[in-house]
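Residues per chain, in single letters:
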Amino acid sequence: MNKKIKIQELGLRDFKETWEYQEELFKEILDRKIKNRREETNEETSNYFLFVEHPHVYTLGKSGDVSNLLLNENQLKEKNATFYKINRGGDITYHGPGQVVGYPILDLDNFFTDIHKYLRFLEEMVILTLGEYGIKGERSDGETGVWLDTGTPFARKICAMGVRASRWVTMHGFAFNVNADLGYFDNIIPCGINDKAVTSLQVELGLEKVNIEEVKEKLLKHFVTLFEAELIKP
């Protein structure tokens, strides 16, 4: 089992370009697994963790409802935003500058073969990170992601998640609102949930800006502990 994970910082990058890159890495791992099975070999499979920020974009998961996008094509252009139907789970969400987007592309055969546990670990990584800022992150029954004040009229989502998996290889991941412009969420029914608000770390802390690099370091620290992994940085 290979528990080493290659960290890649992609910076601000177009969503479609990043999606295609994810697919390349995903296919690389799948092809190696298929070859191992066919040839009865045991070559190691790689694991990746991509950090990226996207220009304004709305993405709709394969089980989502397009009516949860409240903008037409012309309005999208006015907002300088794009829209894609993609192959992850979940409904509609927004990505944009100031948001930490993480795409773990892992062979779960190297860790554990349990998608439910995988999602819970991603949530726990964010919950533990929020705890370092004095914020109590929570899960909401039946709703993937990380929330604040669940079970109250003030429930609000701070991190969305949606993944794809095949033969225990994962792609897509999480979007953690750090300094994101929350106004862009007004143009959708986030994750198809219309009775809860969206928030960011910046808003919750009452700061002008949160240090995104510090947030990434904390996320990776908890990720490594949860997955018992070793990080390989460029």
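**Student:** So what's going on with the nonpolar core? Which residues, and what values?
**Tutor:** Of all hydrophobic cores here, the largest spans 38 residues; its most connected members are Phe174, Phe176 and Phe227. Of all the secondary structure elements, the ones that give two or more residues to this core are strand E1 (4–12), strand E2 (48–53), helix H3 (115–132), strand E8 (143–148), strand E9 (156–166), strand E10 (169–177) and helix H5 (212–227). Among the elements that take part in this core, H3 stands out by supplying eight residues, more than any other. Aside from chain neighbours lying at most four places away, what touches phenylalanine 227 is Lys3, Leu106, Phe111, Phe112, Tyr118, Phe121 and Leu122.

**Student:** Please give an account of the pattern of salt bridges that cites residues and values.
**Tutor:** Scanning the model with the defined rule gives 19 salt bridges in all. Residue arginine 164 is joined to glutamate 23 by a salt bridge in which the shortest nitrogen-to-oxygen separation is 3.4 Å. Taken together, the residues span a long stretch of sequence, with arginine 164 in strand E9 and glutamate 23 in helix H1 (residues 15–39) at a distance of 141 residues. Close ionic contact of arginine 139 with glutamate 123 constitutes a salt bridge, the shortest N to O distance being 2.8 Å.

**Student:** Give me the lowdown on the environment of lysine 27, citing residues and values where you can.
**Tutor:** With respect to the helices and strands, lysine 27 occurs in helix H1. Remark: the alpha-carbon pair of lysine 27 and valine 169, spanning 142 residues in sequence, is separated by 9.1 Å. Within the structure, the side chain of lysine 27 is placed 2.7 Å from the side chain of aspartate 31, a separation counted as a polar contact.

**Student:** So what's going on with the side chain of histidine 222? Which residues, and what values?
**Tutor:** By the secondary structure assignment, histidine 222 is in helix H5. In this structure the side chain of histidine 222 is engaged in a polar contact, spanning 2.7 Å, whose partner is the side chain of glutamate 132. Every residue in contact with histidine 222, bar those within four places of it in the chain, is listed here: Met125, Leu128, Thr129 and Glu132.

**Student:** How would you sum up the packing of aromatic side chains? Please name residues and give values.
**Tutor:** Taken as a whole and assessed by the stated rule, the structure comprises 14 aromatic pairs. Where phenylalanine 15 meets tryptophan 19, the ring centres are 6.1 Å apart and the plane angle is 45°; that geometry is what we call tilted. With phenylalanine 15 and tryptophan 19 both in helix H1 and four residues apart, the pair spans about one turn of that helix. In this pair, the class of phenylalanine 15 matches that of tryptophan 19, namely buried. Members of the aromatic cluster, connected to one another through ring pairs, are Phe49, Phe51, Phe111, Phe112, Tyr118, Phe121, Phe174, Phe223 and Phe227. One cation-aromatic arrangement involves lysine 117 over phenylalanine 112; the distance from NZ or CZ to the ring centre is 4.5 Å.

**Student:** Describe the packing of H3 against H5, with residues and values.
**Tutor:** Closest axis-to-axis distance for the H3/H5 pair is 9 Å, and the angle between their directions is 135°. Taken together, the axes of H3 and H5 lie oblique to each other. Between H3 and H5 lies a crossing whose hand is right-handed. Touching Tyr118, Phe121, Leu122, Glu124, Met125, Val126, Leu128, Thr129 and Glu132 of H3 are Val215, Lys218, Leu219, Lys221, His222, Phe223, Leu226 and Phe227, all from H5. Along the lines of polarity and charge, the residues of the contact of H3 with H5 split into 11 nonpolar, two polar and four charged.

**Student:** Any details on the pairing of E8? Residues and values, ideally.
**Tutor:** The element E8 is largely enclosed, with a buried count of five among its six residues. Pairing analysis gives two bridges linking strand E7 (residues 138–140) to E8, with the strands arranged antiparallel. Within E8, the position partnered with serine 140 by the bridge is glutamate 143. Hairpin geometry of E7 and E8 is characterised by an intervening segment of two residues between the two adjacent antiparallel strands and by a positive phi of about 80° at glycine 142. For E8 and E9, the ladder comprises three bridges, and the chain directions are antiparallel. From the neighbouring strand, valine 146 faces E9, where its bridge partner is cysteine 159.

What counts and how
Residues numbered from 1 in each chain as written. Predicted model: local features only at pLDDT ≥ 70, side-chain atom pairs only at ≥ 80, totals over all residues. Heavy atoms only, no water. Core = buried A, V, L, I, M, F, W, Y, C linked by side-chain atoms within 4.5 Å. Buried < 20%, exposed > 50% of the residue type's maximum accessible area, 1.4 Å probe, protein only. Helix = DSSP H or I, 4+ residues; strand = E, 2+ residues; numbered from the N terminus. Contact = heavy atoms within 4.5 Å. Salt bridge = Lys/Arg side-chain N within 4 Å of Asp/Glu carboxyl O. Polar contact = N/O pair within 3.5 Å; in protein donor to acceptor, adjacent residues only side chain to side chain. Phe/Tyr/Trp six-rings, centres within 6.5 Å; stacked < 30°, edge-to-face > 60°. Lys NZ or Arg CZ within 6 Å of the ring centre and 35° of its normal. Axes fitted to C-alpha atoms, helices over the stretch in contact; angles between N-to-C directions. Parallel < 35°, antiparallel > 145°, perpendicular 65-115°, else oblique. Left-handed = near helix turned anticlockwise from the far one by under 90°. Nonpolar A, V, L, I, M, F, W, Y, C, P; charged D, E, K, R; others polar. Pairing = 2+ DSSP bridges.

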